[in-house]
Each structure stands twice: as C-alpha cells, then as structure tokens.
Amino acid sequence: MAHTPVNHPARPIYRAIGGLVGLYFVVFGGLGIIASAGNDFLAQDDTKILGQGTNMAFSLLSVLIGVVILVGTAIGRNLDVAINQWLAYTLMVIGLAALAFLQTDANIFNFSIMTDVVVLTLSLVLLMVGMYGKVGSDDEHEAWQKARLVL
C-alpha cells in the first residue's frame, strides 16, 4: 500500500517548486564560487552570498545538489520523487550537523545561522515536493484513494 499520494492534482505545481529549489541551489552555488574564488576550499571566513555564509566547498556542493534536482525534475517518471526525498533527508542531516557545529572549528561549510535556516527550510520543501509528486497508474491512484478513505 502506498503511503504517499499518487497522481496528486497539484503534481505539476510541486514539480515546478522542486525545479525552483534546484535553480536556487545552482544560483547560490554559482555566486558562492565567484565570491569565494581565491579563498581556501574549506575557509571559515566572512564570505556571504544572499546573506548566507558559504565557502568553496559548500558552493560546489550546492551547484551539484541543484543540478541533480534539476536533472531529476527534467526526467520525471518518479525519479524526481526519489531524488527529492533522498536529498531532503541528506540536507536535513547536513543542516542539523551544521547547527550543532556552528560556532566551532568543525563548521567546514562556513554556515551561518541564516544558511542553516535556508538549508533546513529547503529540505522540508523538497520533502513535500517528493511526497506529492508521485505518478502512477489509475489502478495505483484508485488503491491509494480507497486506502485513504479507510483511514
């Protein structure tokens, strides 16, 4: 039995939101690469982009995450659902770890509190997009509707 909606009526909107999250990561990462050029790879300095702390490592990771989200969104066929859910969980782990080490030397991605808030918020958005973007057959949709009505 499926635990997430299949063929949700707002699926195209959720898919577009996922694409916008991917685009944000690409733009943020690109601007971060430009701003942190010449600095150490894991620099812990005052480099800020869009009000968020970053360094070359996190900027490159952001571009990679954004490209993966955009490719998944372009391909669709539930690949985007899997990518969005796994990246959401990964970003939550990164965000919570960064929050724990924010004021220490272990802050390898040069996170500020604003960076952490944005990463955790975008991870929740990606999780929502992943949960409501699933495509399935009419039989799967009907089975999900029946299971939903039983609960």
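No experiment lies behind these values; they were computed from the predicted model shown.

Caption draft 1: Quick peek at the packing of helix H2 (residues 56-75) against helix H3 (residues 79-100). One way to put it is that H2 packs onto H3 with a least axis distance of 8 Å and a crossing angle of 155°. With respect to H3, the axis of H2 lies roughly antiparallel. With respect to the hand of their crossing, H2 and H3 are arranged in left-handed fashion. Residue-level contacts link Leu61, Ile65, Val68, Ile69, Gly72, Thr73 and Ile75 of H2 to Leu79, Asp80, Ile83, Asn84, Leu87, Leu91 and Ile94 of H3. Here the contact of H2 with H3 is composed, by residue class, of 10 nonpolar, 3 polar and 1 charged.

Caption draft 2: How the structure looks around H3. In this model H3 runs 32 Å from its N-terminal to its C-terminal C-alpha over 22 residues, within 8% of the 32 Å that 1.5 Å per residue would give. Those residues of H3 that sit buried are Asp80, Val81, Ile83, Asn84, Leu87, Ala88, Leu91, Met92, Ile94, Gly95 and Ala98. Looking at the packing, one finds that the buried side of H3 touches helix H1 (11-35), H2 and helix H4 (113-132).

Caption draft 3: View of unusual backbone geometry. One non-glycine residue, Arg77, lies in the positive phi region at around 50°. Inspection of the secondary structure puts Arg77 in the loop between H2 and H3. A relative accessible area of 73% places Arg77 in the exposed class. Non-glycine residue Asn110 carries a positive phi angle of around 60°.

Caption draft 4: Representation of the nonpolar core. Core analysis: the biggest nonpolar cluster contains 23 residues, and Phe25, Ile69, Phe111 and Leu126 have the highest contact counts within it. Of all the secondary structure elements, the ones that give two or more residues to this core are H1, H2, H3 and H4. Among the elements that make up this core, the one with the highest residue count is H3 (7 residues). Contact partners of Phe25, with chain neighbours within four places excluded, come to Ser62, Val63, Ile65, Gly66, Ile69, Leu91 and Leu122.

Parameters at a glance
- Residue positions are given per chain, counting from 1 as you read along its sequence in written order.
- A pLDDT threshold of at least 70 governs which residues receive local features in this predicted model, and a stricter bar of 80 or more applies before side-chain atom pairs are shown or counted, although totals over entire chains, interfaces and linings include all residues.
- Based on all heavy atoms of the structure, the side-chain values leave hydrogens and waters out of the count.
- Fitted lines through C-alpha atoms serve as axes, helices being fitted only where they are in contact, and the angles separating the N-to-C directions of these axes extend from 0 to 180 degrees.
- The way it works is that DSSP assigns letters per residue, a run of H or I at least four long becomes a helix, a run of E at least two long becomes a strand, and they are numbered from the N terminus.
- For classification, angles of less than 35 degrees are called roughly parallel, those exceeding 145 degrees roughly antiparallel, those between 65 and 115 degrees roughly perpendicular, and all remaining angles oblique.
- By definition, any crossing whose near helix is turned counterclockwise from its far helix by less than a right angle is left-handed, and any crossing with a clockwise turn is right-handed.
- Contacts are assigned to residue pairs that have any heavy atoms within 4.5 Å of one another.
- Lys, Arg, Asp and Glu make up the charged group, whereas Ala, Val, Leu, Ile, Met, Phe, Trp, Tyr, Cys and Pro make up the nonpolar group; the residues left over, Gly among them, are polar.
- Each residue after the first adds 1.5 Å to the expected span of a helix.
- In this scheme, a residue with accessible area under 20% of its type's maximum is buried, one over 50% is exposed, and one in between is partly exposed, where area comes from a 1.4 Å probe on protein chains only.
- Here, nonpolar core refers to any group of buried Ala, Val, Leu, Ile, Met, Phe, Trp, Tyr and Cys residues whose side-chain atoms link them within 4.5 Å.

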